[in-house]
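Next come the chains, spelled out residue by residue.
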Amino acid sequence: MLEFQLNAISLTKRSTGGVVEVIAVINYKGGVGKTTVTANLAAELAWRGKKVLLIDTDAQASLTFSFVPPDFWDQNLEESMTIKSWFDPISDGQEPPSLADFVYSPEAVNRRVESRGGKLDIICSHLGLLNVDLELATLLGGANMQQAKRNYLKVHGQLRRAMQQLEDESDYDIVLLDCPPNFNIVTKNAIVAAEKILIPAKPDYLSTLGIDYLQRSVNTLIKEYNEYSNIEEDGESISPEIMGVVFTMIQYMNSQPIAAQRQFMATVKRSGIRTFDSKFRENKSIFSDAPQQLIPVVLNAYESHTHSQVVDEIEEFVDEFMETLEADIV
Ligand SMILES: Nc1ncnc2c1ncn2[C@@H]1O[C@H](COP(=O)(O)OP(=O)(O)O)[C@@H](O)[C@H]1O
Ligand SMILES: [Mg+2]
């Protein structure tokens, strides 16, 4: 019965138009597995029949090249089909075009999920995104406080407005924004656009510090945005929520995480932030080969017992992820 009700609610939400959930995947630290978590989550959701849009907002473009061959990107996408091209007109003081015009459907992964009714699309990234950030910064400020606040809202709310427009134009169930390891204007756009924030983290000293700092930065951004938004007549407040921390690169010994990692996981839990029970184990060969094959680990054929263990754990994470989303909808 409960399951029926949950389904009915998601269906109702979806039938009123497009996007059900927008989730930003972020951590201040690089190399903690953000992109790997994003790619596998998206692929598994598409395998389960969801229509997923990925937006790669990291200039390093790792997510992009986990689905799109570099040669193809060079020849067909680099010039006018990336998130940089979408942001460029804004830097020139113009209104941004529709996000829908920048969407690419990578072939390999879609061949895999098509028969299940799912879809995985991506808006690719570009190294030049670093300059976009500098250009957007020049649009901030103003002749007086009022104007400066208005410019702040305009610059940081671009992706949010575009996402609302995309809801009417498309049939995506979930949008995942893979963020860079910083808190620049593009990242802030992703957070302002998101309803939920997912934090992949490695259980080590620096990552643990980073989570606390990230939480504070997100809270400051929300407070600032809403404060400025309140002075506008049609101002809209934002309330992106932290869904939780998913631990990555877990090293097991005697079928439990090694002591040092257990200690950092406990520290994060004690801080009061929600943590996912399911985790991504460390396996360099399995995870580092996948991007080149353009199909995430979770959809690859089982090559070994370890591989199937890794896949099972990712599937468990996606179960938990969906339960968390659905619990929040109710
Ligand atoms: N669970 C894992 N086990 C082993 N290596 C991993 C795992 N997750 C990611 N990696 C590897 O670590 C590197 C950084 O991962 P990535 O997902 O790109 O992190 P981020 O997006 O946080 O920078 C990549 O080379 C990736 O293949
Ligand atoms: Mg990344």
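Definitions and cut-offs
Residues numbered from 1 in each chain as written. Chains lettered and ligands numbered in written order. Predicted model: local features only at pLDDT ≥ 70, side-chain atom pairs only at ≥ 80, totals over all residues. Heavy atoms only, no water. Helix = DSSP H or I, 4+ residues; strand = E, 2+ residues; numbered from the N terminus. Buried < 20%, exposed > 50% of the residue type's maximum accessible area, 1.4 Å probe, protein only. Contact = heavy atoms within 4.5 Å. Areas by Shrake-Rupley, 256 points an atom, 1.4 Å probe, with all protein chains shown as cover. Lys, Arg positive; Asp, Glu negative; His and termini not counted. Charge placed at Lys NZ, Arg CZ, Asp CG, Glu CD. Salt bridge = Lys/Arg side-chain N within 4 Å of Asp/Glu carboxyl O. Expected span 1.5 Å × (residues − 1). Pairing = 2+ DSSP bridges. Axes fitted to C-alpha atoms, helices over the stretch in contact; angles between N-to-C directions.

(A) Main features of the overall build of the protein chain. Scanning the protein chain from N- to C-terminus turns up 13 helices and 8 strands. In terms of overall dimensions, the protein chain has C-alpha extents of about 65 × 45 × 45 Å along its principal axes. Split into buried and exposed, the 330 residues of the protein chain put 53% on the buried side. Sequence separation of at least 24 residues holds for 77% of the intrachain contacts in the protein chain that already meet a minimum separation of 6. A total accessible area of about 15100 Å² is found for the protein chain, and carbon and sulfur atoms account for 49% of it. Within the protein chain, one finds 29 positive and 47 negative side-chain charges whose respective centroids are separated by 6 Å.

(B) Seen up close, the pattern of salt bridges. Applying the stated rule across the entire model yields 14 salt bridges. In this structure, Arg48 engages Glu44 in a salt bridge whose closest nitrogen and oxygen atoms are separated by 2.7 Å. Taking relative accessible area as the criterion, Arg48 reaches 34% and is therefore assigned partly exposed. Classification of Glu44 by relative accessible area gives buried; the value is 3%. Residue Arg274 is joined to Glu320 by a salt bridge in which the shortest nitrogen-to-oxygen separation is 3.8 Å. Taken together, the residues span a long stretch of sequence, with Arg274 in the loop between α11 (259-270) and α12 (284-293) and Glu320 in helix α13 (residues 305-329) at a distance of 46 residues. When salt bridges with common partners are traced through the structure, they connect Glu44, Arg48 and Asp319 into a single cluster.

(C) Representation of helix α8 (residues 158-169) within the structure. Between its terminal C-alpha atoms α8 stretches 17 Å, which fits the 16 Å expected from 12 residues at 1.5 Å a residue. Of the positions making up α8, those classed as buried are Gln158, Leu159, Arg160, Ala162, Met163 and Leu166.

(D) Highlighting unusual backbone geometry. The backbone of Ala61 shows a phi angle near 60°, a positive value even though the residue is not glycine. Notably, Asn254 is not glycine yet its phi reads approximately 50°, a positive angle. Residue placement: Asn254 occurs in the loop between β7 (252-253) and β8 (256-257).

(E) A look at the sheet that holds strand β4 (residues 174-178). Ordered by their spatial adjacency, 6 strands build an open sheet running β3-β2-β4-β1-β5-β6, and the pairing between neighbours is parallel. Looking at the sheet topology across the chains shown, the edges are occupied by β3 (119-123) and β6 (241-247). The sheet shows a mean angle of 20° between the axes of neighbouring strands, taken without regard to direction. Examined bridge by bridge, strand β1 (residues 21-25) and strand β5 (residues 196-201) share 3 bridges and lie parallel to one another. Bridging across to β5, Val25 finds its partner in Leu198.

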